[in-house]
Amino acid sequence: MAELHTTINGEAVAADVDPAMTLAEFLREKLYLTGTKIGCGRGECGACTIIMNGKSVVSCLIPVMRAEGAVLQTIEGVANGRKLHPIQEEFINKGAIQCGFCTPGMIMSSKALLDANPDPTREEIREALGGNVCRCTGYVNIEQAVNAAAERMRKGEK
Amino acid sequence: MQYINAASSSEALAALLKADGRGMVIAGGTDVIVDMKNGKIHPELLIDVTRAADMQGIRVEDDKLVIGAAATLTQIARHEAVRRFYPSLAKGCGTVGSLQIRNSATLAGNVISAQPAGDGAMALAPLAPVFTVLSAAGERTMTMGEMYAGFARSAVDHSRELVTRITVPLPGAHEAASFVRLELRKSLSLPMLNCAAMVHYEDGAVRWVRITMAPVGVGPVRAAAAEAYLTGGPLTEEAMSRAGELALENANPRSNPLRGSREYRLETLPVMVRRALEECRAQLV
Amino acid sequence: MKYVGQNMPRNDGFDKATGRGTFTADIHLPRMLYGKVLRSPYAHAKVLSIDTSAAEALPGVKAVCTFNNTTNKLWNGAAPMFITPKPHDPVLDQTIFTDEPKYIGDEVAAVAAESEAVAEAAVRLIRVEWQELPAVYDPLEAIKPEAPDVQPKCANPQFKNICGGPVELRFGGDPREAFKSCDAVVEYRVKLPRVKQAQLETHGAVASYSPEGKLEVICTTQAPYPTKMILADALDLPVSKITVKNGPYVGGGFGARIGLSGKAEILAAVLSMKSGRPVKLTYTREEDFTCSDSRHGGYLVTRLGAMKDGKFVALDTEAWMNTGAYATFGVDLLGVCGACGTAGAYEVPNFHYVGWPVYTNQMTAGAMRGFGTPQGNAVVEPAIEMMAQKLGIDSLELRKMNATTPESKNWFPFPPGSCGMNECLDKAANAIDWAEKHGQAARQTGRIRRGVGISGGTHVSNAAPFCVDYNTVLLRIERDGTLFVNSSIPEIGPGSTTACLQVAADLTGVPYQNAVMKFGDTDAASFDIGSHATRTLYTVSHVLAKAAEILRRDVFAWVGAKLDLDPAALDMSDGVITSGGKEVGSIAEVASAAHLQGKQFIATACNVPPNCLPFYAQAAEVEVDMETGMVKVLKVAAAHDVGRVVNPLLCEGQIEGGVLQGVGYATREEMTYVEGKGFYNKGFHSYMLPTADDRPDIVPILVENPDPSGVFGIIGIGELGVNPTLAAIGNAVEDATGVRFHEFPLTPGRVLDGLKAAGKV
């Protein structure tokens, strides 16, 4: 076991962890932050995407100790209580959610993109989402949701 | 299992040597963690070099591009200097896996995983890169070809040594490089074929050309016969097509149930080699 | 209608957008164990001996189950076990564990332990002595007399390796006779791949068994009630003592789990029974890909005969589909292939189809979105193209002139419905610029060629009367006038629970706002099959209509009695009760007053739905690289007659998702079998479904020809997006290159080979 100190959704977290764990396992099984999903466990579907130090990463391939001193955002930290983030609202408004299993990862990839790049091109959106597999939506409404959220965020909405 | 976040390459080396073969270096981890999950490897110690201070960054030093071994593929693909001097390297690095993978994975790691058609490694291959390796014996350098010990086997023993940086000479005048990929899908897939080239083309003649192709053998394979044919001659459509045909002489692709039969790869390799050369030429007119 | 037709935001949106909504794998119960499975590495083998002692001795292991200590009762893990109508019987050929595995991955033993890692380690400690036996993998090989028998005890004794029996459909005259008098006859053969649902949430279950004989299972099934029935029968437990419920959410299904999710529920159950603790068993992505029902691949051939004016005269189709090692939906699917895939879209006075579900020593094939219709469509639509070329008639016009009409008589026992295919054909063709772009193959000479193709088609809006199909529902009005609906349909993604509530609000006259549906839980509602056969919205609307009528009568009787009004003059809309048009009160006031007098307004109903054929057409534009054989789909226009749209955004979402699955089916997806090793495609990295940066433009077109059989005219939509896409794309590739292909997917290797063979390159 080892001591981990990290920041998750703005909160300092200290825990004893098995270094062989992945960050996804730590989030889901130790902290019960089950919003981050496991779709494959091999980094091939993006369902486990979180934001680590501002970058989207697949948490199922991140060794938990790499989170030492890192700043993490998970889906649970995106809304502000009942107030949803524009990305979340637009995912609902634009029909970008169906079964919901890819949704947390999809939203985190979208947020990582828009936080760094407020006015992305279609290619940049597709690059950001290329590693998030969705089998339900055909990606059409997801792309529209990201565009709509980007517009709102450019106007200053958070 | 133990996990150490190394602050420098020398700290990483010290920990590695202390573990005497039972530890290994982990950078991006996108290959190492998958291998651990698949039960292929069982390290007792992982030494994380992603925050090693002397392995960070990408910079131009004298007439060389120096890429820290801990630089991520995303950092490389988006770096202003990489895009300016070697857009093909930016392209190759920007193709691996997915953005999430690239945000963790490193170019050094892509070479060390020794998959013959690793896109970052392939895009790097014809640029005459030099790998600086740190071990108990100190620092030494290795060429691209020397990095591959066999099929999917790196010559670098990551339980005893580590790559600290990759150095690439900047292109001179009349020099350009390219990278092309025959793919079933852009993201989350290895290519059916990839091919990279670099050429010095001056006064209507090829001074030198390096053509690498994969997966047609161990690691990026040089199309030696095609290179010999082109050297000294013009880069016409006819010559580039002929070079594509000659590339077959050095290629020995296997059949893959998903990514193309041997016959298909032999059929399309000349096309991809030709397209790689065309892309070089387009940058030089 | 106040709510039907509106884009009401989906009622699970908040849960799913915030990650609060739980799925099966998110469930943590006190003292929960983790299950892992020992699977056969051989396609066919006998287990000579099995020694679990080392596994049992491993610290942390709490139960080891094999065929030696669990029931060997036979069952069928999919809904046919309890929806096969008399006089037919379902094929029961599955057991929990086997001592004679019939495919690589077949379950031989399972372990429950305190962690996944310990359970995996324990599985590796189980010692098995195997005797490898001969195996067969291809359906045309499996029907040969010398082939090894896959299911010697369960296969139809009259045939070789046939599951259940051939499904034969006839209508009108014998095509073989009728071909003799046709001006033109064309024949088309096609080989289709296995493809996989690849839903994002892998199969999984958390089972808790109490020693007094009660079992609760939280799981990923898309058919909770049938699953309850199957578990009860397989485990010899009373149906009343089994609870099956979803997470409450399910991460997709696409047919993979109409019944058990692979075997997750029953494996978790027996491990829980043995250990005395709750057990969570989730399939790895590799197990999901290689050890659970896929789509049927196989061989189809059709002959189409017509007169020179274009009128279809005869259609005769035969299909040999690889149903794998176990039956599940094998027989039903071959039926739908013939009926929906070949018998419904066009008028054909001489019709015949025979479909063979063939057993092989491979992973089972079962239900996957479209359920045989994509396969039938894939053989008929190209034949129509061939006929069009032979007769010199535009293929779009050829389809339209033969399309089923509301007056058509065909194989189906119910009226076809509003039959909007021609409108769909026109709109799809328009959206793809058919007139401009079709027929340009001869004019193109470059490396990159483009073409357009089109396909029509139909399906059903549920499985009645071919299968047992019915719904029940409970409606209640809360004390404050809000509506609560109990249904055991699942929510696997389409937004059925939202759309059904919209319909419920309009049917009852109670406001949509704050209306709630409790779904996906067999304790909380009574029988419904679940998500299957494009049925949910169409059939639930019918049972809601029945229950709403009862509910309103109940409310109006009470109000009439209390206010001395004629109940027949009362109406209720959006919560406002009127008498002869004059407002007399709100449902909130009425419910509150009724409660204080010992009355709650409730209504239950049980209903067998009618049925109708949903029609559609899709048109595709493709680009082909003649040097590499690379096919890129540029655009798909998908026109679907949904009768009456309930929620346009959700409806378009169904179409878009289905179309992209169809694009993958046509161009990239296939499960490739490597003898001795199994399917090569074990994860997303080796299975080429489309990603966000590799997809065509998709244009959904909602067409509305209200169907006389549908509540408000509603027709089903769920599966349909994927049905005609492959054929449309194949036709487009022919339009671009002049080459017709007979094997899918159109991967670069196949395309380049085809172009070379045709002398195009």
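This is a predicted model, so every value here is computed, not measured.

Looking now at the interface of chain B and chain A. Tallying the contact residues gives 23 residues for chain B and 24 residues for chain A. Residue assignment for the side of chain B that touches chain A shows that the elements contributing at least two residues are β1 (2-5), α2 (32-37), β3 (45-48) and α6 (99-102) of chain B.

With that settled, consider the environment of H85(A). Within the secondary structure, H85(A) is located in the loop between β5 (71-73) and α2 (86-93). Residues contacting H85(A), with those up to four places away along its chain left out, are V78(A) and A79(A).

All names here are of chain B. With antiparallel pairing, the 4 strands of this open sheet are ordered in space as β11-β12-β13-β14. Of all the strands in the sheet, the pair left with one neighbour each is β11 (175-182) and β14 (221-222). Pairing analysis gives 8 bridges linking β11 to strand β12 (residues 193-202), with the strands arranged antiparallel. Within β12, the residue paired with F179 across the bridge is A196.

Contacts between the two partners involve 45 residues from chain C, matched on the other side by 42 residues from chain A. Of all the secondary-structure elements, those providing two or more residues to the side of chain C that touches chain A are α1 (13-18) and α18 (648-667) of chain C. By residue number, the principal contributor to the side of chain C that touches chain A is α18(C), which donates 8 residues. The class makeup of the residues in the side of chain C that touches chain A is 18 nonpolar, 17 polar and 10 charged.

Before going further, it helps to spend a moment on the sheet that holds strand β6 (residues 167-172) of chain C. Backbone-to-backbone hydrogen bonds join strands into a sheet, with any given pair of strands oriented parallel or antiparallel. All names here are of chain C. One open sheet accounts for 5 strands, arranged β6-β14-β13-β12-β7; its pairing is mixed. For this open sheet the edge positions go to β6 and β7 (184-192), each flanked by a neighbour on one side alone. Going across the sheet, the axis of each strand differs from the next one's by a mean of 5 degrees, ignoring polarity. Taken together, the 9 bridges between β7 and strand β12 (residues 297-306) define a ladder with antiparallel strand orientation. Along β12, the bridge assignment pairs R189 with V301. The strands touched by helix α11 (residues 373-391) are β7, β12 and β13 (312-324); relative to β7, the strand with the most contacts, the crossing angle is about 145 degrees.

Should pLDDT be low for a region, the predicted coordinates there are not to be read in detail. Taken residue by residue, chain B gives an average pLDDT of 97. The fraction at 70 or more is 100%. The ipTM for the predicted assembly is 0.98, set against a pTM of 0.98.

A word on the nonpolar core. Ranked by internal contacts, the top residues of the largest apolar core, which has 410 residues, are V273(B) and A428(C). The dominant element in this core, judged by the number of residues it contributes, is helix α16 (residues 536-563) of chain C, at 11 residues.

Residue and element names in this part refer to chain A. The domains assigned to chain A are domain 1 (2-77) and domain 2 (86-154). Centre-to-centre, using C-alpha coordinates, domain 1 lies 21 Å away from domain 2. Contacts between domain 1 and domain 2 engage 15 residues on the former and 14 residues on the latter. For the side of domain 1 that touches domain 2, the secondary-structure elements that each account for two or more residues are β3 (49-52) and β4 (55-58). Among the elements that take part in the side of domain 1 that touches domain 2, β3 stands out by supplying 3 residues, more than any other.

On to the pairing of strand β17 (residues 483-486) of chain C, then. All names here are of chain C. Relative to β17, strand β16 (residues 471-477) runs antiparallel, the two sharing 4 bridges. By the bridge assignment for β17, R476 is matched with F484. Linking two consecutive strands that pair antiparallel, namely β16 and β17, is a turn of 5 residues; a positive phi of about 85 degrees is found at G481 within it. Read from β17 through helix α15 (residues 496-508) to strand β18 (residues 516-518), the crossover connection turns out right-handed.

Residue and element names in this part refer to chain A. Orientation of α2 relative to helix α3 (residues 103-116), taken along the N-to-C sense of each, is 130 degrees, at an axis distance of 10 Å. The orientation of α2 relative to α3 falls into the category oblique. Considering only the axes of α2 and α3, their crossing is right-handed. In this structure, α2 contributes I87, Q88 and F91 to the contact, and α3 contributes T103, I107, S110, K111 and L114. Looking at the contact of α2 with α3 residue by residue, the class counts come to 4 nonpolar, 3 polar and 1 charged.

How each quantity is defined
Residues numbered from 1 in each chain as written. Chains lettered and ligands numbered in written order. Predicted model: local features only at pLDDT ≥ 70, side-chain atom pairs only at ≥ 80, totals over all residues. Contact = placed C-beta atoms within 7 Å. Helix = DSSP H or I, 4+ residues; strand = E, 2+ residues; numbered from the N terminus. Pairing = 2+ DSSP bridges. Nonpolar A, V, L, I, M, F, W, Y, C, P; charged D, E, K, R; others polar. Axes fitted to C-alpha atoms, helices over the stretch in contact; angles between N-to-C directions. pLDDT = per-residue confidence, 0-100. Core = buried A, V, L, I, M, F, W, Y, C linked by C-beta atoms within 7 Å. Buried ≥ 20, exposed ≤ 12 C-beta atoms within 10 Å, placed from the backbone. Domains from an automatic or database assignment. Right-handed = clockwise from strand over helix to strand, strands pointing away. Parallel < 35°, antiparallel > 145°, perpendicular 65-115°, else oblique. Left-handed = near helix turned anticlockwise from the far one by under 90°.

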